[in-house]
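Each chain, written out:
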Amino acid sequence: MIKRKIFFICIMILAFGCDKSDNLPADQLITKGRQLYQEGNVDDAFKLFKRAIKLKPDSADLHFELGCMYSNAAQKSYDEALRRSLSDFSGEKHNSDNDKEMMRYGYRLDLYTSALSEFNETLKYDPANWKARYNIAADLFNHKKYNEAIVESKKITQLAPDYANGFSLLGEAYSRTGQDQLAIEMLNTAVKLKPDGWNYYQLGMAYKRIQNWKKVAEIAHKLKGMDKIRYDALMDPTNYSW
């Protein structure tokens, strides 16, 4: 079974600058925080950004940037935890989708939770920020709150009609709720915007679940030379799941 991997879509612009004063204005706190973050002192960077936010609590851009910093740091800690778990020769089987299990290997779930909090704050002050909304929608999807994910994903496709991942996420959420025709419609749009192995695979699986074998064959032909792993998964006669 191939599961959707959701990537955080944060664009970071890290500036340089430093002032050791304890009474810095917000702009200097932000500059110093960015510098510390780039140097790897993420916890100190977060503290400075939080201080800046106290001075500019209604800055959607600032909430979004802090959310990106949290999410990037969370992803890095997860990657390290996964590496450690794979290097564990204790003989135990590990589930990389289990947050609590990955926390045993150093995954900082608290950073991920903080990222979501900041993305929600971003939307409070800037509802049109589709990047923050995508992170929220992806989290809802990953926690199997598919109807809520559909609501958020629809907004993303309206705000960013050229963003393929928005349509892909919406299509997959429709699939999970048994709305196959809507899923196919959204996934076809995703393929047109971004014709990669993942989107073709998801579209092929949607056709497979309604037993449209002609369409499955067409997509399999495209996948065969593009993504062998997903081609094999699509052609597996026992694989109808997600």
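Residues numbered from 1 in each chain as written. Predicted model: local features only at pLDDT ≥ 70, side-chain atom pairs only at ≥ 80, totals over all residues. Heavy atoms only, no water.

## Considering the overall build of the protein
Consideration 1: When its secondary structure is counted, the protein shows 12 helices and 0 strands.
Consideration 2: Counting from the amino terminus, helix and strand elements in the protein follow one another as α-α-α-α-α-α-α-α-α-α-α-α.
Consideration 3: For the protein, with 242 residues in total, the buried portion stands at 47%.
Consideration 4: Within the protein, counting contacts between residues at least 6 apart in sequence, those at least 24 apart form 54% of the total. (Helix = DSSP H or I, 4+ residues; strand = E, 2+ residues; numbered from the N terminus. Buried < 20%, exposed > 50% of the residue type's maximum accessible area, 1.4 Å probe, protein only. Contact = heavy atoms within 4.5 Å.)

## Side note on the nonpolar core
Consideration 1: Counting 53 residues, the largest nonpolar core has Tyr 37, Phe 46 and Phe 119 as its most contacted members.
Consideration 2: Sorting the residues of this core by element identifies helix H1 (26-38), helix H2 (42-55), helix H3 (60-86), helix H5 (109-125), helix H6 (130-142), helix H7 (146-159), helix H8 (164-176) and helix H9 (180-193) as the ones contributing at least two each.
Consideration 3: Counting 16 residues, the second-largest nonpolar core is a separate cluster that includes Ile 184, Ala 206, Ile 219 and Leu 223. (Core = buried A, V, L, I, M, F, W, Y, C linked by side-chain atoms within 4.5 Å.)

## Let's talk about the packing of aromatic side chains
Consideration 1: The final tally for this structure, using the stated rule, is 8 aromatic pairs.
Consideration 2: Ring centres of Tyr 78 and Tyr 107 lie 5.4 Å apart, and the angle between their planes is 85 degrees; on these two criteria the pair is classed as edge-to-face. Of this pair, Tyr 78 sits in helix H3 while Tyr 107 sits in the loop between helix H4 (99-103) and H5, and the two are 29 residues apart along the sequence. Like Tyr 78, the residue Tyr 107 is buried in the burial classification.
Consideration 3: Counting every residue linked through ring pairs, the aromatic cluster contains Tyr 37, Phe 46 and Tyr 70. (Phe/Tyr/Trp six-rings, centres within 6.5 Å; stacked < 30°, edge-to-face > 60°.)

## A short note on the confidence of the model for the protein
Consideration 1: For the protein, per-residue confidence averages 89 on the pLDDT scale, and 87% of positions sit at 70 or higher.
Consideration 2: Within the model, pLDDT remains below 50 along residues 11-19, and this stretch shows 24 contacts once partners closer than five positions in the same chain are excluded. (pLDDT = per-residue confidence, 0-100.)

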